[in-house]
Amino acid sequence: MTGGDRRVVVTGLGAITPSGLDVAALWDAVVVGRSAIRRLDGPEFADLAVRIGGQVRGFDATGLVDPPLARRLSPSQLWALAAGDQALADGGIDPAALRAGAALPWDPTRTAVLTATGSGPIDQMQAATRALDTRGPRGVPLGVVVHGAPDAAAALLSERYGARGTAHAVVATCASSAIALGEALRRIRHGYADAVLVVGVEDCLNPVNLAANANLRALASGYEADPSSASRPFDRARRGFVMAQGAAALLLEAEDAARGRGATPLAVLSGFGESSDAHHPTAPHPQGRGAAQAIAAALADAGLDPHAADGIDHINTHGTGTPAGDAAELAAYAAVFGDRARSIPITATKSSTGHLLGASGAVEAVLAVRTLQTGRIPPTINLEDPEFDGWDIVRDAARDADPIRRILSPSFGFGGHNGAVILETAQEAR
């Protein structure tokens, strides 16, 4: 095991989202400001107060796994497998060859899988509960024991690729993926792993989750006639977030391991911070105290001065569109960056994708990598009447910005969970 100075690089990306079924489609949709929010398909949504969201459409699992297993798995688990395959392929590794018994390019005992989710395959437990109520104990499906847990996707992925290192789930509501990325960073940096596949996955578009969040008045309501306008972070008329489903994957490696196998780094994961608000089950601390703590820790971890002009060049905000959340988030940036905060270009890509809850941090990290690669900052859509004066919010159209060297991508969740990661260009070194 080496010391704590290994650089951690991103070498592969994958995505199954409402905005597209791969990273290219996701990026193309978000960078032009195309909303993925629609009326929800299915009779189970007919009586709900909120009937809009970001659904994964057109996904075909044919050939992904054997048909008997496909029937036992949740859609979210199939999305996780597909996103994981994409990330490996993007990193120059053939997932089909691995499934056929080919060796991983790293020591399998030092290859880890971390999945991130807010609630896991909740559809499995709901189906089992309905079976218990209608058919009695003997009608409960056996599969709920194996595939009904939040860490089931991690087990499936590790078995799929022969990865014998750590394999488990990180569950921290909407901060899950950011914290999973941070845990992966630490494992590689401190020598416990050479590669970690991080997959954020969420399927929250079910009547129970939708009804509960609507009853909490957390969801944007009243947009059934115009769903694409519902997610509106930082806008004066924002009413709440819009839930979405999907998965996103990032393949992380020690830089020496990546270059040793001839892989080209896409970005560097250089910093991570986390905290707890210790304040309220659902409301953020009004001054963004916990969020600021996590952001400051990520900057310190990356060796960055928050007040330096050569520090963070862009923030892909958590930006969900809740009245309290957006205000607290900007307060956190002001607390950390001081006078410089309002000059940093920020965007809220949930305005296009919707809020994938536990998977959102992985989706936004994928988008941050693409921003670093292209030098283009995606727009915040639906921002018609900004509530917060003086902030450099990228709106209406993507902005070309050169250079973009370092991006902050934070995530905050119910329960006061906060996580923040910093991604840098692969060429950036200090």
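Starting from 1, residues in each chain are numbered consecutively following that chain's sequence as written. Note on the predicted model: pLDDT of at least 70 is required for a residue's local features to be given, and 80 or more for side-chain atom pairs to be given and counted; whole-chain, interface and lining totals, by contrast, use all residues. With hydrogens and water stripped out, all remaining heavy atoms of the structure feed into the side-chain values.

Trainee: For this particular structure, what's the right way to read the overall build of the protein?
Mentor: The helix and strand tally for the protein stands at 14 helices and 14 strands. For the radius of gyration, the atom set is restricted to C-alpha positions; the globular benchmark scales as 2.2 Å times the number of residues to the power 0.38. At 20 Å, the protein has a C-alpha radius of gyration in line with the 22 Å of a compact globule built from 430 residues. Structurally, the protein occupies a C-alpha span of about 65 × 55 × 40 Å along its principal axes. Out of the 430 residues in the protein, the part that is buried amounts to 60%. The contact criterion used is simple: two residues touch if any of their non-hydrogen atoms lie within 4.5 Å. Considering only residue pairs separated by 6 or more positions, the protein has 78% of its internal contacts joining residues 24 or more positions apart. Surface exposure here means Shrake-Rupley accessible area, sampled with a 1.4 Å probe, where a residue is shielded only by the protein chains that are shown. Carbon and sulfur atoms make up 51% of the accessible area of the protein, which totals about 16,200 Å². Just so you know, the count uses Lys and Arg for positive and Asp and Glu for negative, and it drops His and the chain ends. Charge placement uses NZ in Lys and CZ in Arg. For Asp and Glu, CG and CD serve respectively. Within the protein, the 46 negative side-chain charges are centred at a point lying 2 Å from the centre of the 37 positive side-chain charges. Strands are runs of DSSP state E lasting at least two residues, helices are runs of H or I lasting at least four, and both sets are numbered from the N terminus onward. Think of it in three bands: with a 1.4 Å probe and only protein chains considered, a residue is buried below 20% of the maximum accessible area for its type, exposed above 50%, and partly exposed in between.

Trainee: Where do I start with the side chain of Asn 382 in this structure?
Mentor: Position of Asn 382 among the secondary structure elements: in the loop between β11 (376-377) and β12 (399-400). According to the relative accessible area criterion, Asn 382 is buried, its value standing at 16%. Within the structure, Asn 382 has its side chain in polar contact with the backbone oxygen of Ser 228 (distance 3.0 Å). The residues touching Asn 382, leaving out its near neighbours within four places in the chain, are Ser 228, Ser 229, Ala 230, Ser 231, Arg 232, Asp 235 and Ser 351. We call two N or O atoms a polar contact when they sit within 3.5 Å, provided that within protein one can donate a hydrogen and the other can accept it, with sequence-adjacent residues counted only if both atoms are side-chain atoms.

Trainee: Could you clarify how one ought to interpret the packing of aromatic side chains in this entry?
Mentor: The way to describe two aromatic rings as a pair is by their centre distance and the angle between their planes. Centres within 6.5 Å are what make two rings of Phe, Tyr or Trp a pair, Trp counting through its six-membered ring; a difference in plane orientation under 30 degrees is then read as stacked, over 60 as edge-to-face, and the rest as tilted. This structure, assessed with the given rule, holds one aromatic pair. Judged by centre distance (6.4 Å) and plane angle (85°), the rings of Phe 234 and Phe 388 are edge-to-face. Residue Phe 234 is located in the loop between α9 (207-215) and β7 (246-254), and its partner Phe 388 is located in the loop between β11 and β12; the two are separated by 154 residues in the primary sequence. Residues Phe 234 and Phe 388 agree in their burial class; the two are buried.

Trainee: Looking at this structure, I do not really get the sheet that holds strand β4 (residues 111-116). What am I missing?
Mentor: Backbone hydrogen bonds hold the strands of a sheet together, and the pairing may be parallel or antiparallel. Spatial strand order, β5-β4-β6-β7-β1-β8-β14-β13-β9-β10: ten strands in an open sheet with mixed pairing. Looking at strand neighbours, the two that pair on one side only are β5 (167-170) and β10 (346-347), the edges of this open sheet. Any two strands are treated as partners once DSSP identifies two or more bridges connecting them. Note that strand β13 (residues 406-413) and strand β14 (residues 417-425) share eight bridges and pair antiparallel. Opposite Ser 409, over in β14, you have Val 421 as the bridge partner. Along the sheet, helix α3 (residues 75-90) contacts β1 (8-16), β6 (195-202) and β7; its crossing angle with β1, the most-contacted strand, is approximately 135°. Only the stretch in contact is used when a helix axis is fitted, and all axes are lines through C-alpha atoms; the angle between N-to-C directions ranges over 0 to 180 degrees.

Trainee: So what exactly am I meant to see when it comes to the pattern of salt bridges here?
Mentor: Between side chains of opposite charge, a pair can form as their charged atoms come close. Counted as salt bridges are all cases of a side-chain nitrogen of Lys or Arg within 4 Å of a carboxyl oxygen of Asp or Glu. Under the counting rule described, the total for this entry stands at 23 salt bridges. Arg 160 is the salt-bridge partner of Asp 85, the closest N and O atoms lying 2.8 Å from each other. Taken together, the residues span a long stretch of sequence, with Asp 85 in helix α3 and Arg 160 in helix α7 (residues 152-161) at a distance of 75 residues. Owing to a relative accessible area of 10%, Arg 160 belongs among the buried residues under this scheme. One salt bridge in this structure joins Arg 186 and Glu 183, with 3.4 Å as the shortest N-O distance. Linking Arg 186 with Glu 183, this pair stays in helix α8 (residues 176-189), spanning three residues, or about one helical turn.

Trainee: Just to check I follow, could you spell out helix α5 (residues 122-135) for this structure?
Mentor: Side chains three or four residues apart in an α-helix point the same way, a direct result of the helix having 3.6 residues per turn. Over its 14 residues, α5 extends 20 Å from the first C-alpha to the last, a length consistent with the 20 Å expected when each residue adds 1.5 Å. In this structure, the buried residues of α5 make contact with α2 (67-72), α3, α6 (143-147) and α9. Where α5 ends, the next residue or the one after it, Gly 136, has phi of about 85°, a positive value. Take the number of residues in a helix, subtract one, and multiply by 1.5 Å to get its expected span.

Trainee: I tried to follow the environment of Phe 414 on my own but got confused; where do I start?
Mentor: Tracing the chain through its elements places Phe 414 in the loop between β13 and β14. Residue class for Phe 414 comes out partly exposed when judged on its relative accessible area of 28%. In sequence terms Phe 414 and Cys 174 are 240 residues apart; their C-alpha atoms lie 7.0 Å from each other. If sequence neighbours within four positions are ignored, Phe 414 has contacts with Thr 173, Asn 213, Leu 216, Ala 218, Phe 241, Pro 281 and Thr 282.

Trainee: What am I meant to see in the nonpolar core here?
Mentor: Across soluble globular proteins, nonpolar side chains show a tendency to be buried alongside one another. Judged by nonpolar contacts, the single largest core of 51 residues is most densely connected at Leu 250 and Leu 252. Ranked by residues supplied to this core, first place goes to helix α14 (residues 360-374) with eight residues. Beyond its immediate stretch of four places on either side in the chain, Leu 252 contacts Val 8, Val 9, Val 10, Leu 181, Ala 184, Ile 188, Asp 194, Ala 195, Val 196, Val 198 and Leu 269. Buried residues of nine kinds, namely Ala, Val, Leu, Ile, Met, Phe, Trp, Tyr and Cys, make up a nonpolar core once their side-chain atoms join them within 4.5 Å. With 32 residues, the next largest nonpolar core counts Leu 78, Ala 83, Ala 87 and Leu 197 among its residues.

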